[in-house]
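Listed below, chain by chain, are the residues.
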Amino acid sequence: MNILHLYSDENWTGPAESVLNLLKELNKRGHKAFFAGVIKRRGKFLPKIREAGIPVIESLNLDRKSYPLQYLKNLAILPRVLRNEKIDIIHTHFRYDHILASFVKKRVPLVHTLHRADLDKVNFQERFMLRHKTDYIITISKAIKEKVVQYLGIEPERISTIYGAVDSNKFNPQISGNKIREEFKIDKDAPAVGMIAPLQPYRKHLHLLRTIPQVRKEFPEVKFLLIGSIGSYQKVLKAEIERLRISDSVIFISYRDEDYSQVLASLDMEVFLVPGSDGSCRAVLEALAMAKPVVSAKVGPIPEIMENSREGILIDSPDDIVSLTNAITKTLKDKDLARRMGEAGRKLMERFTPEIRATRIEKIYYSLI
């Protein structure tokens, strides 16, 4: 089977890693999975695609920021690609590539992975494409699937929920975090709480900071690691840190691809409050694979995947700072509970591997050809 993935984003984000793992797994099984993406703009994703040996369609440049002329070129080139490479399935991930593929939908079945949750706000064009130009839809949570049925009137038989996946070899409890603790001068016995998210207002880092004064009353040596890409919003967070007088408890760590698993290994637990733009909550899955207990709000697919007090502690709202504080304190205080939740999280991730995810998507492809 020949599959073409269209992906109009150059950044290394949650869905990017999922797509890369899927492409590698499909090719490992004897299929020919091609990639078309943003060719001329510098980003971290395309080099990883090339490094993995995934065949790239160089003639297509899916740059959402390019001029309309490039889009017209893509419209002219795509049918030739389908014909020359004998493509059986097109799989899209974003609005730009979805629209592009919809023009050739009659030639090849079209699968679209839907990441967004605000389906009550989709415009007429998106609604039309999903209802009439898409053969199958993959959602990353059951909640999104229900919204697709409710707001778009699409038959449930054309939709599957397939959660994210984690490479359990890359993320495993045997990895040591000692190097990271030494680098940032974190005592080996000091509790370390991590939040993995870009520094952006909607990710609610301020809420986490406001738990620290209370947590420090029981754990004076505690360190809170804010891990993710650092931008201008850091100034706002630093101002709040100064106001709360907690500067000696907070460490900023920019996202590090080369030793990211070691950063996770340095933590005693992870906090997760709001999903990123792709909604997959990948950071939670990675922490669970590392046997780290997670305190999370009931957001995205998390309440569908985790059970309260089994793999971590779930709070009803990301805005409930009191419940968040209590959950962090409880996890740090009850080491036996933290250990059991970590072990349960690791076991849970045995069901969320790239191989299992690829098998489910592969079955969808076969059902359409």
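Criteria and cut-off values
- Residues numbered from 1 in each chain as written.
- Predicted model: local features only at pLDDT ≥ 70, side-chain atom pairs only at ≥ 80, totals over all residues.
- Heavy atoms only, no water.
- Core = buried A, V, L, I, M, F, W, Y, C linked by side-chain atoms within 4.5 Å.
- Buried < 20%, exposed > 50% of the residue type's maximum accessible area, 1.4 Å probe, protein only.
- Helix = DSSP H or I, 4+ residues; strand = E, 2+ residues; numbered from the N terminus.
- Contact = heavy atoms within 4.5 Å.
- Pairing = 2+ DSSP bridges.
- Axes fitted to C-alpha atoms, helices over the stretch in contact; angles between N-to-C directions.

Attention now goes to the nonpolar core. If you look at the biggest cluster of nonpolar residues, it comprises 68 residues, and the most contacted ones within it are L209, L226, V271 and I328. If one sorts the elements of this core by residue count, helix α12 (residues 282-289) sits on top with 6 residues. If we ignore the near neighbours within four places in the chain, the residues touching L209 are L226, L237, E240, I241, L244, I246 and V250. Membership of the second largest hydrophobic core comes to 28 residues, among which are W12, L26, I49 and I361.

With 5 of its 5 residues buried, strand β4 (residues 110-114) lies for the most part within the structure. Of the two faces of β4, the one lined by L110, H112 and L114 and the one lined by V111 and T113 are each fully buried. Pairing between strand β3 (residues 89-92) and β4: 3 bridges, direction parallel. Note that in β4 the partner of I90 across the bridge is L110.

Before going further, it helps to examine unusual backbone geometry. Positive phi values are uncommon outside glycine, yet R245 reaches one of about 55 degrees. Relative to the helices and strands, R245 is located in the loop between α10 (234-244) and β9 (250-253). On the basis of relative accessible area, R245 is assigned to the exposed category, the value being 71%. A positive phi is found at A291, a non-glycine position, where the angle reads about 65 degrees. Among the secondary structure elements, A291 is positioned in the loop between α12 and β11 (294-297). Note on A291: relative accessible area 23%, which makes it partly exposed.

What follows concerns the sheet that holds strand β10 (residues 269-272). Spatially, the 6 strands line up as an open sheet ordered β9-β8-β7-β10-β11-β12, and their pairing is parallel. At either margin of the open sheet sits one strand with a lone partner, and together these are β9 and β12 (312-315). Within the sheet, the average angular offset between the axes of one strand and its neighbour, ignoring direction, is 20 degrees. Two strands pair when backbone bridges link them, and strand β8 (residues 223-227) and β9 are joined in this way by 4 bridges, in the parallel orientation. Along β9, the bridge assignment pairs F224 with V250. Sitting on the sheet, α10 touches β8 and β9, and the angle it makes with β9 is about 170 degrees. Its contacts with the sheet put helix α14 (residues 321-333) on β7 (192-196), β8, β10, β11 and β12, and the angle it makes with β12 is roughly 170 degrees.

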